[in-house]
Every structure is written in C-alpha cells, then in structure tokens.
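Residues per chain are reported as follows:
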Amino acid sequence: TSMSDLTEATGLHKGSLYQTFGDKLALFKAALTQYMEQLFLLQKSVISEAKSPSLGLRQAFYVAMERSTTEEGVCRGCMAVNTLVETAPEETEVRELLSVGYAKWGSLIQETIGKAVAEKEVVLAQPVDLTTQLLMTFMCGLAAQSRQGMSLLEAKALLDQQFKLLGFKLA
C-alpha cells in the first residue's frame with residue numbers, strides 16, 4: 001500500500017502517520033493487532049452467549065467467515081491468514097504477532113472443545129489438543145482457499161462437514 005493510499009484512507013497527513021506510527025510496518029502491525037484482538041473478543045462473546053459450547057464454536061467460526069465476506073457473499077480471506085502467507089515469512093515481528101494471536105485463539109478453541117466434551121456434545125476420535133489444531137488448520141486453509149472466490153455458503157458447508165468429521169453433534 002502506498003503512503004498516498006494510507007493518507008487518503010485515514011484522512012491523515014503523511015507526517016502525522018509517521019509521527020504516530022513511525023513507519024508503514026508499524027502501522028500495519030498496529031492494524032493487524034487490532035484486527036486479531038477485535039475478532040478474538042467477538043468470537044469469545046459469541047461462544048459465551050451460545051446455547052452450547054459446540055454451537056458457540058461453530059457460530060464463532062461463522063462470524064469470522066462473515067466478517068471477511070464481501071457484500072456479494074464472496075469470501076476474501078482473513079487478514080491474519082493472508083498476512084501469514086504473504087508477509088510473515090519475511091517479517092519476524094509480524095510472525096511473532098501472529099503466533100501470539102493464534103495461541104490466544106487456540107486456547108479459546110481448546111477450552112470450548114473441552115467443555116463440549118464434558119457436556120457430551122462431541123465424541124472425539126482425537127485428543128482435545130489435536131482436535132483444536134485440526135480445526136485451526138482447517139480454518140486457516142479455508143480462509144486461504146476462500147480467496148479463490150468461494151461463497152460464504154460453500155465455506156459454511158465445508159466447516160459444518162469438518163465439524164461432523166471430527167465428531168461434533170450440531171443440531
């Protein structure tokens with residue numbers, strides 16, 4: 001993104017952007033951090049307000065997909081996953097930010113799956129920690145694949161199938 005794109009989008013002058021953030025990378029890291037934190041808090045809220053842990057987890061994933069969908073119903077991927085693929089290999093600081101965000105997200109998912117197991121909503125073929133990793137990997141792959149023009153309906157159908165394959169009962 002050019003500085004002129006950033007100044008136009010933010011309404012700030014170039015000097016103000018540099019004074020506030022230092023450089024474009026620092027601005028990007030701030031935006032990525034905010035994106036991950038807002039999505040995490042939203043997903044945590046969705047899970048806590050759901051009728052059951054399984055339904056909450058599914059709805060939290062739906063929310064993530066919906067937030068990255070255009071008005072036409074086409075998924076455009078997740079900022080964090082797009083960053084992981086495009087930027088993180090070269091940028092150590094960005095990779096570290098993503099690691100922290102994914103660890104936090106993973107803890108929430110693992111805790112929720114543990115509750116679903118305790119409430120007999122799921123009979124897992126794999127341990128909770130492995131099921132968490134499988135779901136996280138699936139969601140990252142789905143986010144990356146969705147950039148090819150997948151519809152939100154297709155993405156949700158694939159997610160539902162993944163939940164079923166892992167042993168979740170989603171009624």
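Here the structure is shown first, and the text comes after it.
Below is a summary of the structure that appears in this document. (Residues numbered from 1 in each chain as written. Predicted model: local features only at pLDDT ≥ 70, side-chain atom pairs only at ≥ 80, totals over all residues. Heavy atoms only, no water.)

**Examining the overall build of the chain**
Let me state the cut-off plainly: Secondary structure elements follow DSSP: runs of H or I of four or more residues count as helices, runs of E of two or more count as strands, with numbering from the N terminus. Residue exposure (1.4 Å probe, protein chains only): buried if accessible area is under 20% of the type maximum, exposed if over 50%, otherwise partly exposed. Two residues qualify as a contact provided that any one of their heavy atoms is within 4.5 Å of a heavy atom in the partner residue. Using a 1.4 Å probe, the Shrake-Rupley method yields the accessible areas, and only the shown protein chains count as cover for residues.
When its secondary structure is counted, the chain shows eight helices and zero strands. When the elements of the chain are put in sequence order from the N terminus, they spell out α-α-α-α-α-α-α-α. On the principal axes, the C-alpha backbone points of the chain span a range of 55 × 30 × 30 Å. Here the chain holds 171 residues, and the buried ones make up 40% of them. Pairs at least 24 residues apart make up 64% of the contacts formed inside the chain by residues separated by at least 6 positions. In the structure as shown, the chain presents an accessible area of about 9,700 Å², 55% of it carried by carbon and sulfur atoms.

**Some words on the side chain of Q43**
For the record, the criterion: Here a polar contact means two N or O atoms within 3.5 Å. Within protein one must be a hydrogen donor candidate and the other an acceptor candidate, and residues neighboring in sequence count only if both atoms are side-chain atoms.
Inspection of the secondary structure assignment puts Q43 in helix α3 (residues 24-49). Given the relative accessible area of 3%, Q43 is considered buried. Of note is the side chain of Q43, whose polar atom sits 3.0 Å from the backbone oxygen of A60. Once residues within four sequence positions are removed from consideration, Q43 is found in contact with A60, F61, A64, W105 and L108.

**Focus: the environment of K115**
The residue K115 is located in helix α6 (residues 92-118) in this model. For K115, a relative accessible area of 43% gives the class partly exposed.

**Things to note about the environment of W105**
Its location among the elements puts W105 in helix α6. Judged by relative accessible area, which is 13%, W105 ranks as buried. Expressed as a C-alpha distance, the spacing of W105 and M36, which sit 69 residues apart in the sequence, is 9.0 Å. Ignoring any residue separated from it by four or fewer positions in sequence, one finds W105 in contact with F40, Q43, F61, M136 and M139.

**What to know about the packing of aromatic side chains**
Here a ring pair, both rings aromatic, is described through the centre-centre distance and the interplanar angle of the planes. Short version of the rule: Only Phe, Tyr and Trp rings are paired, with Trp represented by its six-membered ring, and only when their centres lie within 6.5 Å; those with planes under 30 degrees apart are stacked, over 60 edge-to-face, the remainder tilted.
In the structure shown here, the tally under the stated rule is four aromatic pairs. Ring geometry for F163 against F168: centres 4.8 Å apart, planes inclined by 80 degrees, an arrangement best described as edge-to-face. F168 matches F163 in its accessibility class, with the two residues each being buried. Members of the aromatic cluster, connected to one another through ring pairs, are F61, Y102, W105, F163 and F168.

**Describing the layout of surface pockets**
A water-sized probe, rolled over the atoms, reveals where empty space remains. Condition: In this analysis, the protein atoms alone were mapped onto a 1 Å grid. Cavities are point sets where a 1.4 Å probe fits without being able to get out; pockets are open sets with protein on both sides within 12 Å along at least five of seven lines; lining residues have an atom within 4 Å of a point. Grid points are joined across faces, edges and corners, and a volume is the space filled by probe spheres set on the points. Only Asp, Glu, Lys and Arg are considered charged in this grouping, and only Ala, Val, Leu, Ile, Met, Phe, Trp, Tyr, Cys and Pro are considered nonpolar; every other residue, Gly among them, is considered polar.
For the largest pocket, the calculated volume is near 440 Å³. Together, 27 residues line the largest pocket, and L39, C78, A80, Y102 and W105 are the ones closest to its centre. Every element with two or more residues in the lining of the largest pocket is listed here: α3, α4 (53-67), α5 (79-86), α6 and α7 (128-146). Residues of the lining of the largest pocket, tallied by class, amount to 19 nonpolar, six polar and two charged. In this structure, the second largest pocket occupies an estimated 220 Å³ of space. Taken together, T1, L25, F28, M79, N82, T83, E86, T87 and E91 make up the lining of the second largest pocket. Counting residues per element, the ones that place at least two in the lining of the second largest pocket are α3 and α5. At four residues, the largest contribution of residues to the lining of the second largest pocket is made by α5.

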